[in-house]
Amino acid sequence: MALSGISRVRRQLPTSPWLFAAPGLLVTGAFILYPFLSTLVNAFTDRRTLIPGRFVGLANFRELLQDDMFWTGLRNSTLYVLGVVPPLVVLPLLLALLVQKNIPGITFFRSAFYTPVVASIVVVGLIWVWLLDDRGLVNSLLETAGAGRVGFLSDQWLLLLSAMAVTVWKGLGYYMIIYLAALGNVPRELHEAAAVDGAGAVRRFLTVTVPAVRSTMVLVGALSSVAAFKVFSEVYLLAGPSGGPAGEDTTLVMLVQRTGTGLTGRVGYASAISVVVFAVTVALMLLVLRADRKEES
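Peer 1: What am I meant to see in the overall build of the chain here?
Peer 2: Counting its regular elements, the chain contains 14 helices and 0 strands. Reading the chain from its N end, one meets helices and strands in the order α-α-α-α-α-α-α-α-α-α-α-α-α-α. Here the chain has a C-alpha radius of gyration of 25 Å; the compact-globule value for 297 residues is 19 Å, and the former is much larger. The 297 residues of the chain split such that 35% are buried. Here the analysis covers contacts within the chain between residues at least 6 apart in sequence; of these, 67% occur between residues at least 24 apart. As displayed, the chain offers around 17,600 Å² of accessible surface, 69% of which is attributable to carbon and sulfur atoms. In the chain, 23 positive and 17 negative side-chain charges are present, and the distance between their average locations comes to 12 Å.

Okay, structure coming up:
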């Protein structure tokens, strides 16, 4: 009896892990794998919202090359990466160094810096619109001080910079937590040895802290690059559905939303744009990792 029970358990063991993994695999397949494959297939069709569509090969991608709005979105998304990633790599590290110290009241500041992370992006966007609108608080203060009003939300480039500021402000606390975890693993003896050698605070930061958290900086750079290139909410809330003046602040993800939704949405064309966004984000990840490996070697 005992031997038969053991053999029966052994026969059941190979399938047991799959039973535990089945719920997660089903969710992943239904909400990640299937939409990805469906988007990839639709990119080569002329499908619309209520029309299945037919295979058109590379016609959607050829149309992208002649679409001025696509190039506008690609330009804005690229500029967003260049404007957002450097501050999100450096500033959270400096912030983590400040809140790392165990001084009275530091817990309050840690919570305050992290609050924008948990705040709803819609609420954050509305607050910033209220601040930067032509009749908002910032312009009212400027007018009171004798300066003219600034078109933060009506000028093409100022609007894009304002959206970048919102992204940086909201992401500081998140990446600060990542850096805090990395700084906790830096041996204190290294700082003490550098201090004994006469290194000041800036030199210790450059020669001890930065090399110790370099892999974390690469991680933050990769995560923020992908998030910045796929930006939607910040620009949408500040610029509106039209994408700012004459649509000049439209990003690629906003173009996907505008093109592929509605009863007459061009799902196939929007899927082609989505494939381009996916390819660029993967390329960004590979470039960051390659640069990191090259520097290590």
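Now that the structure has been shown, we can carry on.
Peer 1: I tried to follow the packing of aromatic side chains on my own but got confused; where do I start?
Peer 2: Summed over all chains, the structure comprises 8 aromatic pairs. An aromatic cluster of at least three residues, connected via ring pairs, comprises Phe 108, Phe 109 and Phe 113. Geometry around Tyr 269 places Arg 266 over its ring, the cationic atom sitting 4.5 Å from the centre.

Peer 1: I tried to follow helix α13 (residues 252-260) on my own but got confused; where do I start?
Peer 2: One turn of the α-helix equals 3.6 residues, which is why residues spaced by three or four share an orientation. Along α13, the residues that are buried comprise Leu 252, Met 254, Leu 255, Val 256 and Thr 259. The positive-phi residue at the C-terminal boundary of α13 is Gly 262, with phi of around 95 degrees.

Peer 1: Can you walk me through the pattern of salt bridges in this structure?
Peer 2: For side chains bearing opposite charge, pairing can occur when the charged atoms are close. On inspection of all chains with the given rule, the structure shows 4 salt bridges. Two residues, Glu 63 and Arg 266, come together in a salt bridge whose shortest N-O distance is 2.9 Å. One end of the pair, Glu 63, is in helix α3 (residues 59-65); the other, Arg 266, is in the loop between α13 and α14 (267-296), and 203 residues separate them in sequence. Since its relative accessible area comes to 27%, Arg 266 is described here as partly exposed.

Peer 1: Looking at this model, I keep getting lost on the nonpolar core. Mind explaining?
Peer 2: Nonpolar side chains tend to gather and get buried jointly when the protein is soluble and globular. In terms of nonpolar packing, the biggest core is built from 58 residues, with Leu 64 and Tyr 80 touching the most fellow members. A total of 13 residues in this core trace back to one element, the largest contributor, which is helix α8 (residues 156-183). In this structure Leu 64 touches Phe 70, Trp 71, Tyr 269, Ala 272, Ile 273 and Val 276, once residues within four positions along its chain are discounted.

Peer 1: Where do I start with α8 in this structure?
Peer 2: The end-to-end C-alpha separation of α8 is 39 Å, in line with the 40 Å expected for 28 residues at 1.5 Å each. Considering bend angle alone, the principal kink of α8 is centred on Leu 172 and spans about 40 degrees.

Peer 1: Would you explain the side chain of Asn 76 in this entry?
Peer 2: Mapped onto the fold, Asn 76 is located in helix α4 (residues 68-99). Not counting residues up to four positions away in its chain, the partners in contact with Asn 76 are Leu 160, Glu 248, Asp 249, Thr 250 and Thr 251.

Peer 1: Can you help me understand the confidence of the model for the chain in this one?
Peer 2: Any region with low pLDDT has predicted coordinates that should not be read closely. With 94% of its residues at a pLDDT of at least 70, the chain reaches an overall mean of 88. Model confidence for the chain, summarised as mean pLDDT per element, is weakest for helix α1 (residues 2-12) at 52 and strongest for α3 at 95.

Peer 1: Quick question: what am I supposed to make of the packing of helix α6 (residues 121-132) against α8 here?
Peer 2: Between two packed helices, the angle of one axis relative to the other and the distance separating the axes together describe the packing. Taken N-terminus to C-terminus, the directions of α6 and α8 make an angle of 135 degrees; their axes are 11 Å apart at the nearest point. One finds that α6 runs oblique with respect to α8. In this structure, α6 meets α8 at a crossing whose hand is right-handed. Between α6 and α8, the contacting residues are Ile 121, Val 124, Trp 128 and Leu 132 on the first element and Ser 162, Ala 165, Val 166, Trp 169 and Lys 170 on the second. Each residue belonging to the contact of α6 with α8 can be placed in one class, and the counts come to 7 nonpolar, 1 polar and 1 charged.

Peer 1: Teacher, can you tell me more about the packing of α4 against α8 here?
Peer 2: Following both chains from N to C, one finds α4 and α8 inclined at 40 degrees, their axes separated by 6 Å at the closest point. The angle between α4 and α8 falls in the class oblique. At the point where α4 passes α8, the crossing takes the right-handed sense. Residue classes in the contact of α4 with α8 are distributed as 24 nonpolar, 5 polar and 1 charged.

Thresholds, definitions, all that
Residues numbered from 1 in each chain as written. Predicted model: local features only at pLDDT ≥ 70, side-chain atom pairs only at ≥ 80, totals over all residues. Heavy atoms only, no water. Helix = DSSP H or I, 4+ residues; strand = E, 2+ residues; numbered from the N terminus. Rg over C-alpha atoms; globule rule 2.2 N^0.38 Å. Buried < 20%, exposed > 50% of the residue type's maximum accessible area, 1.4 Å probe, protein only. Contact = heavy atoms within 4.5 Å. Areas by Shrake-Rupley, 256 points an atom, 1.4 Å probe, with all protein chains shown as cover. Lys, Arg positive; Asp, Glu negative; His and termini not counted. Charge placed at Lys NZ, Arg CZ, Asp CG, Glu CD. Phe/Tyr/Trp six-rings, centres within 6.5 Å; stacked < 30°, edge-to-face > 60°. Lys NZ or Arg CZ within 6 Å of the ring centre and 35° of its normal. Salt bridge = Lys/Arg side-chain N within 4 Å of Asp/Glu carboxyl O. Core = buried A, V, L, I, M, F, W, Y, C linked by side-chain atoms within 4.5 Å. Expected span 1.5 Å × (residues − 1). Bend = angle between axes of the 7 residues up to and from the residue. pLDDT = per-residue confidence, 0-100. Axes fitted to C-alpha atoms, helices over the stretch in contact; angles between N-to-C directions. Parallel < 35°, antiparallel > 145°, perpendicular 65-115°, else oblique. Left-handed = near helix turned anticlockwise from the far one by under 90°. Nonpolar A, V, L, I, M, F, W, Y, C, P; charged D, E, K, R; others polar.

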